[in-house]
Structures are given as C-alpha cells and as structure tokens.
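Structural overview for review
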Amino acid sequence: MKVIVVGSSHGGYEAVRGILQEAPETEIQWYEKGDFISFLSCGMQLYLEGVVKNVNDVRYATPDSARAKGVDVFVRQEITAVAPLQHEVTVHDLTKDTTRTEHYDQLVLAVGAEPAKLAVPGAALANVYAMRGRDWAIRLKAKTVDPDVANVVVIGAGYIGVEAAEVFAKAGKHVTLIDILPRALQLYLDEEFTTRLTATLVAHGITPAMGQSVEEFTGKDGQVSGVLTDQAEFPADLVILSAGIKPATHWLKGAVDLDAKGLIKVNDYQQTSATDVYAVGDATLAPYAPVGGKQRIALATVARRQGRTAAKNILGQPMKMPAVSGASALSVFDYHFASTGVKAGTADQLGIAIKSIYVEDTARPPFVPEAAGNAPVYFKLTYAADSQRILGAQIMSKVDVTGNINAISLAIQGKMTLSDLAYADFFFQPGFDRPWHIINVAAQAALLRKT
Ligand code: FAD
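So, the pattern of salt bridges
Per the stated rule, a full pass over the model turns up 17 salt bridges. Arg-308 is paired through a salt bridge with Glu-14; the nearest N and O atoms lie 2.7 Å apart. You can see Arg-308 sitting in helix α7 (residues 300-314) and its partner Glu-14 sitting in helix α1 (residues 10-22), a full 294 residues away along the chain. Its relative accessible area of 25% is what places Arg-308 among the partly exposed residues.

Listed below in structure tokens is the structure:
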C-alpha cells in the first residue's frame, strides 16, 4: 500500500507516525511545501523568548529521522492538485520548478491553515508579520532585538496574539494589543478571568485596545508606521497579525467537498467526499463533546487525534474521531490559565442555555504560606441549565493548576453532571491540594444554589 501524506505539522506527523507504529512496511511519501518538516508553532513563544535556543529544535521529526524509518520525505515539494478518480496527485518541486504526478492508494490531506490577512489599505506594507510557522518565527526573533522597533501592534487578542504581545513586551518594546471583541481572550475565558489578565497585561506595559476595528495600516517609505482603527491611531514599527486563520485549501476545490469557509468536509472517520482521501487538522472541523455536532477547533491536540484516527482507518481498523472539548492552556506573565468546553463567550453562538458557578479558593490549605507555593485559585464551572450536564470550565492561578481542566474534559466526554462531580474522589496532600478539590467545591456550590 502506498500512502501519500500532505503537510508535515501536527496532523501530517501523526498520520505518518500512526501508520509506522502498526505497519512499518507501508510505503509512505510525506510532502511539505516549506523547506523544513514538522515545525511546531506551539513552541514559538519558547523560541522567541530564548528558552529554546535553536529554531530548528522546535519540531518532532527531521527528514533523516523519518527516512531512517523508511519514509520518503519531500521538502519544498507542493501538492497542487488531486485527481481522486485516478488516485493521483500533482507534485510541484519548488526547487527545480518541475511537476510530476504520483499515484496513491490512500491520501491524507494535513494541509492546515494560514494566518488570515486583513483586507484593509496598507496591508502590503513591509513589517506586517504573522505568527505561524518557522519562517515567521525567524523573522519575528530578529525583530525582538531590532533597535529600530520601538512600537509593536498585535492584531487579534486570542492566545496567539497574547503570546506575541508578551514576547515583545518582555523584549522591551511598547506593545498595543487590538481586538474587535470587547475583551482579550474572550473566546477562552469569561470576564472574571480576563479582568485580572487585562490588568496584568497593563502592568507589564501592554496597551489593550479592545472593541476596535482596524481600518488601515499607515506607512512611510513602504514600511508600516501606524495602525488606524475606528477609534484611534497607534504607532507601529511592526504589526503582528493574529486575527484568525484561513484553511489552505483553495487548490482542493472540485477534488473534495469544502464548506463555505473552505474547510474540508470529513465524516467521523476523517474521510473526505473522495474515496481513499482523508483530511485532518486545522483544515477540518472536529466533533464537539459538550453539545454534539462539529466545531472548528484549531489545536495541535485535535490535529494529532485526527491524524491517528486517519492512520487507523487507513490500516483497516475502523475508528471514529473521539469528540473533543477544545481544552487549552496558557501562561500570561505570572498567571497560568486553562479552559475547556463552553464559556459565556461561546454559548450564544452555540445557541444553548447555560448556567455557571464561579468560586475562589486557595490552591492549598490556608496554613500553607504563599512562599511555599500557595495562591488564590479562580475557577468557573459551566453546565446545561436544564440537565446540569457539565459543559465546560475555566481555571486560573499564579500557581500551576491548569492540569485540573483535563478532569473537566473527561467529565464532558463522559456526559457527567453536577451531582457526579460534587463528591467525586480527588486526592489530597497539603503540598498539592485541598481535601475538597476546587471541582468538588464548585459543583457543591452550584447544587446548593436556589436559582
Ligand atoms: P499546520 O500546522 O497548518 O501545518 C500544515 C503544513 O502543511 C504546513 O507545514 C504547510 O506548509 C504544509 N502544506 C500546506 N499545504 C501544502 C501543500 N499543498 N503541499 C505540501 N505541503 C503543504 N495548539 C495546541 O494544541 N497547543 C498550543 O500550545 C498551541 N500553540 C500555538 C501557538 C501558535 C503561535 C500557533 C500559530 C498555533 C498554536 N497551536 C497550538 C495550534 C496548532 O499549531 C495547530 O492547531 C496545528 O499546527 C495544526 O496542525 P495541522 O497539521 O492541521 O496544520
């Protein structure tokens, strides 16, 4: 069997790995249009802040490590067309500028997404950057130490934009963080959390400019010099666009079914509309555990699970993609937060009636001093207004309690209710925790509540 995998980030990597684990004899051709396989944008902040020194270390696999396992690795080779009936792809060798066709028995499209561009005047000016992939990582790193860059404007205050803002604030630049939504991280956290985080951003010299719509990039000598919104103008020597992503699928029209946003339609087995063609990762939707249906969840965790699902099905072991809740975590200066499932900011668009309970506690018993790692913990549990089924949660503290959110993802997946969590068994030891875990505390408080 010959399998062609297109794209070498999380989704493509996992498809290759999953096949190799169980059928190492499979003939695999692995294509990447960039000059580097398996770069992980998730590690970008660590590289930009100097924690990881070498940009080339931010990856899972090298061409040599993959070739040692018998995989044919092709870099700077772009797949430009798929002919599903013939089971063929067109390969454009970007180095030699030649094209050829390759036959496949099974094809995995792990083509991912690209940063969305803003269709405003000045968008083509120099020094308008994005934060995704190795090339941008290298260019951004240079800007962190560029003395000509004093003012950085980050557009989009999701977790990528907040990472970018933190990197450049730590590098001593003045950073403005713009978003059209009223709160930074609005799609990840509710107001109880973002109020504290916004104060932290401000305390570290970042200027939030929320609820503003970008109208123009102004420039001087072909370089960006400012960002004009509907409310203000901000000076900018560098603009970083992190206002969403666009699936890299325009070339697939007619080969596989795409939705109105260009996402590749897949069934529960990651199969596309074309026989023997699978798709995984940011170019697809994922089954959503809290309320069913499918959602766009652009996370490495999802791409990896989809890659494994595709691999299993290719090997003739039917497996459905497990439903996911979109759990994610981030540190913002001295706070660490994580969230999963439904929040106030997403319930409306899902069209569901939710209730939430917000509690504050300490990470450890009150007698444990802060110097020994104790700190306030903020936690919010979200559940269905009618059935009390658990739908999501958010947690934040200056100590790292983010891992607790994984228990909520499991509770969502297992369709648990407030009653299931109220007295659920969690360990206690004063060096780590409280006798009643904050999940117990929140669920009990919700059950006691009259409204
Ligand atoms: P992509 O990562 O988009 O990769 C697609 C690859 O396919 C690219 O290398 C591209 O060059 C190649 N390609 C595309 N078209 C072709 C073609 N026609 N021919 C050949 N090659 C092609 N997720 C988390 O879970 N946790 C995190 O902490 C996290 N942090 C992140 C931080 C940043 C700054 C960013 C940008 C993302 C982060 N993510 C995180 C999201 C995660 O990186 C993405 O969800 C994941 O990379 C998606 O993987 P993918 O395989 O779908 O595609």
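Topic: the sheet that holds strand β11 (residues 174-179)
Strand order in the open sheet made by the 5 strands is β9-β16-β10-β11-β12, with parallel pairing throughout. Two strands bound the open sheet, and with one partner strand each, they are β9 (128-130) and β12 (206-210). The sheet shows a mean angle of 20 degrees between the axes of neighbouring strands, direction not considered. Examined bridge by bridge, β9 and strand β16 (residues 238-241) share 3 bridges and lie parallel to one another.

Observations regarding the sheet that holds strand β24 (residues 376-384)
Note: strands within a sheet are paired through backbone hydrogen bonds, in either parallel or antiparallel orientation. Pairing in this open sheet of 5 strands is antiparallel, and the strands run β21-β22-β25-β24-β23 from one edge to the other. The open sheet has two edge strands with one neighbour each: β21 (328-332) and β23 (354-362). Each neighbouring strand pair of the sheet contributes to a mean axis angle of 15 degrees, computed without reference to strand direction. Pairing between β23 and β24: 9 bridges, direction antiparallel. What sits directly across from Lys-355, in β24, is Tyr-383.

Calculation criteria
- Counting restarts for each chain, with residues numbered from 1 along the sequence as it is written.
- For this predicted model, a pLDDT threshold of at least 70 governs which residues receive local features, and a threshold of 80 or more governs which side-chain atom pairs are given and counted, while totals over whole chains, interfaces and linings are taken from all residues.
- The side-chain figures draw on all heavy atoms in the structure; neither hydrogens nor water molecules are used.
- Salt bridges are counted wherever a side-chain nitrogen of Lys or Arg sits within 4 Å of a carboxyl oxygen of Asp or Glu.
- Starting at the N terminus, helices and strands are each numbered in turn, a helix being any DSSP run of H or I of at least four residues and a strand any DSSP run of E of at least two.
- Buried, partly exposed and exposed residues are distinguished by accessible area as a fraction of the type maximum, computed with a 1.4 Å probe on protein chains only: under 20%, between the cut-offs, and over 50%, respectively.
- Two strands pair if DSSP finds at least two bridges between them.
- All axes are obtained by fitting lines to C-alpha atoms, using only the stretch in contact for helices, and the reported angles, taken between N-to-C directions, cover 0 to 180 degrees.

Function-wise, these values are silent; they only describe arrangement.
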